[in-house]
Each structure stands twice: as C-alpha cells, then as structure tokens.
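Structural features, examined
The lines below spell out each chain.
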Amino acid sequence: MNTVKVRNIVIGEGIPKIIVPIVGKTREEILAAAKSFEGVRLDIVEWRVDWYDDIFDPDKVLETSKALREALGDTPILFTFRTSKEGGEKAIEPDDYAGLNIAAAASGYVDMVDVEAFTGDDVVKKIIEGAHKHGVKVVASNHDFGKTPDKDDLVGRLTKMQELGADIPKIAVMPKSKKDVLTLLSATEEFATNIADRPIITMSMAGTGLISRLCGECFGSAATFGAVGKVSAPGQMDAAGLDTILNLIHSSM
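Residues numbered from 1 in each chain as written. Predicted model: local features only at pLDDT ≥ 70, side-chain atom pairs only at ≥ 80, totals over all residues. Heavy atoms only, no water.

Right, let's get into the packing of helix H1 (residues 27-36) against helix H2 (residues 58-72). At a minimum axis distance of 9 Å, the contact between H1 and H2 shows a crossing angle of 15°. Of the possible angle classes, the one that applies to H1 and H2 is roughly parallel. Judged by the twist between their axes, the crossing of H1 over H2 is right-handed. Along its contact with H1, which presents Arg 27, Ile 30, Leu 31 and Ala 34, the element H2 presents Glu 63, Thr 64, Ala 67, Leu 68, Ala 71 and Leu 72. (Axes fitted to C-alpha atoms, helices over the stretch in contact; angles between N-to-C directions. Helix = DSSP H or I, 4+ residues; strand = E, 2+ residues; numbered from the N terminus. Parallel < 35°, antiparallel > 145°, perpendicular 65-115°, else oblique. Left-handed = near helix turned anticlockwise from the far one by under 90°. Contact = heavy atoms within 4.5 Å.)

Structural data, given as structure tokens:
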C-alpha cells in the first residue's frame, strides 16, 4: 500500500496518526487553540473552518491561515469545511465550496484539504485536481450521523473515494448498536486488505463506537481524531489518553 507524506508525517505506516481539531469561531480563539497544543503529542491539526465566523471573507481566511501556519510551525494542517448536510456548522454552494478549498490549497498555508465525496463528482474532481496542482493532499470524506450503512455500502463508498483520486478516503458513521460497530470494522478490514492502495480513515461515532477510534492499526484505519479541549464530533476522547492507548496497542502487536 502507498503511504501519504505531509511534511514530516507519513500516514499509512506504524501507529495511527492523531488528528486534533480546532473549532474556534474567531481568529483569537483559533490561535489560542493552537497555542494550547504545546506539549501535546499530536500529528496533524484539522482546522474546522466551518466554525470560523469570517470564513466567507477571503482576505480574513488568508490572514488567519497565515497566522495559524506560523503558530503551528511544521505541524501539518488539514483544512476542513464540514457542510451542514454532513454535520457541520454552515451551508455553502458547491461552486463556492470548490473555490474555497482550491484557494486554501493555493495559499501555501495548508497541507491537506477535506472534500465531501458525495458533493457531486464534477465538484469533487475539480477540488482534487486543484489541490494536487499545488502539492496539497486530499481527504475525501463521508459522514452519516443517522445510521451505519451495511458493509457492502461502506466498502462501496470508500471505493468511490479512491476512484475519484483522493489521497485518503475517510468515512464516519453513527452506530445504533454494538453490531453496527462491528460492521464498520469489518468493512474497514475488507477494504484495507482487498481494495485499498492508499491509507484510509474510518470510525464509528459516539461512545458506542469509541473502540473503533482506538483499534485502527488492527483493522486498517491509518488515523484517528482526538481532542484537546473542544471536540468536533461525538465520541472523540482526549488526545493524551488516545496517544497512550495507541502506543499500548502498537507495542503488543
């Protein structure tokens, strides 16, 4: 399987990488969150820009992106506008969504962008091509806060993301039962073993799905999300505790 390198981090080998979100509404909150990460073991910071009050002001987005880049040093930044239809804070038109992500990639301040895989093939391909033109990696994502689709559906969604050319397919689903968590893990293992030629990220959300955030190395998920302060999705645990557990599992495999 191919790995994905962003700055000094290689996704797809070794211990699953820890991604910590920033969900500040103002530039001051965003930079304060970045400062709070000092001394915390993490690999990637996800800037959830749909939380940002000034996200539709291009100049302010550029200024804050630059300031965040300076604050985080060499830590990779994942730029994510999570739309309201997939659990995010704001709605956005597809053309504006594409423009925002491509502008972020062109800025030189972010290392990865997240594109919701079922926004429409033309829009998704446009973002992927635009990001790749500037040397920025793409996470193609899908979030289902209502249910866990069946195994074949999950595998099919991940396959679609790979076929679209994303560097890392990602899927997050909501379990209604413990069996739903097993469905997500089984789909992860099948895709990672038989289909994937690149790293993938999968998770089952909420407390019921917590185990899926911890055992990625066992089933084939290459990264997981942990919180420092405010969480960005149900089921995220503290990044420091997450790091301890991931290392314990890795050392026992």
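As a further point, take the nonpolar core. Counting residues in each nonpolar core, the largest one holds 60 residues, and the members touching the most others are Ile 22, Trp 47 and Phe 79. Aside from chain neighbours lying at most four places away, what touches Ile 22 is Ile 30, Ala 33, Ala 34, Phe 37, Val 45, Glu 46, Trp 47, Arg 48 and Leu 68. Met 112, Ile 168, Met 205 and Ala 223 belong to the second largest nonpolar core, which has 19 residues in total. (Core = buried A, V, L, I, M, F, W, Y, C linked by side-chain atoms within 4.5 Å. Buried < 20%, exposed > 50% of the residue type's maximum accessible area, 1.4 Å probe, protein only.)

Here the focus is the packing of aromatic side chains. Across all of its chains, the model carries four aromatic pairs by this definition. When the centroid spacing of 5.8 Å and the interplanar angle of 50° are considered together, the rings of Trp 47 and Tyr 52 count as tilted. Classification of Tyr 52 as buried rests on a relative accessible area of 2%. Geometrically, the ring pair formed by Phe 81 and Tyr 97 is edge-to-face, given 6.4 Å between the ring centres and 80° between the ring planes. Linking Phe 81 in the loop between strand S5 (77-80) and helix H3 (94-107) with Tyr 97 in helix H3, this pair joins segments that are 16 residues apart in sequence. Both residues of the pair, Phe 81 and Tyr 97, count as buried. Members of the aromatic cluster, each reached through a chain of ring pairs, are Trp 47, Tyr 52 and Phe 79. (Phe/Tyr/Trp six-rings, centres within 6.5 Å; stacked < 30°, edge-to-face > 60°.)

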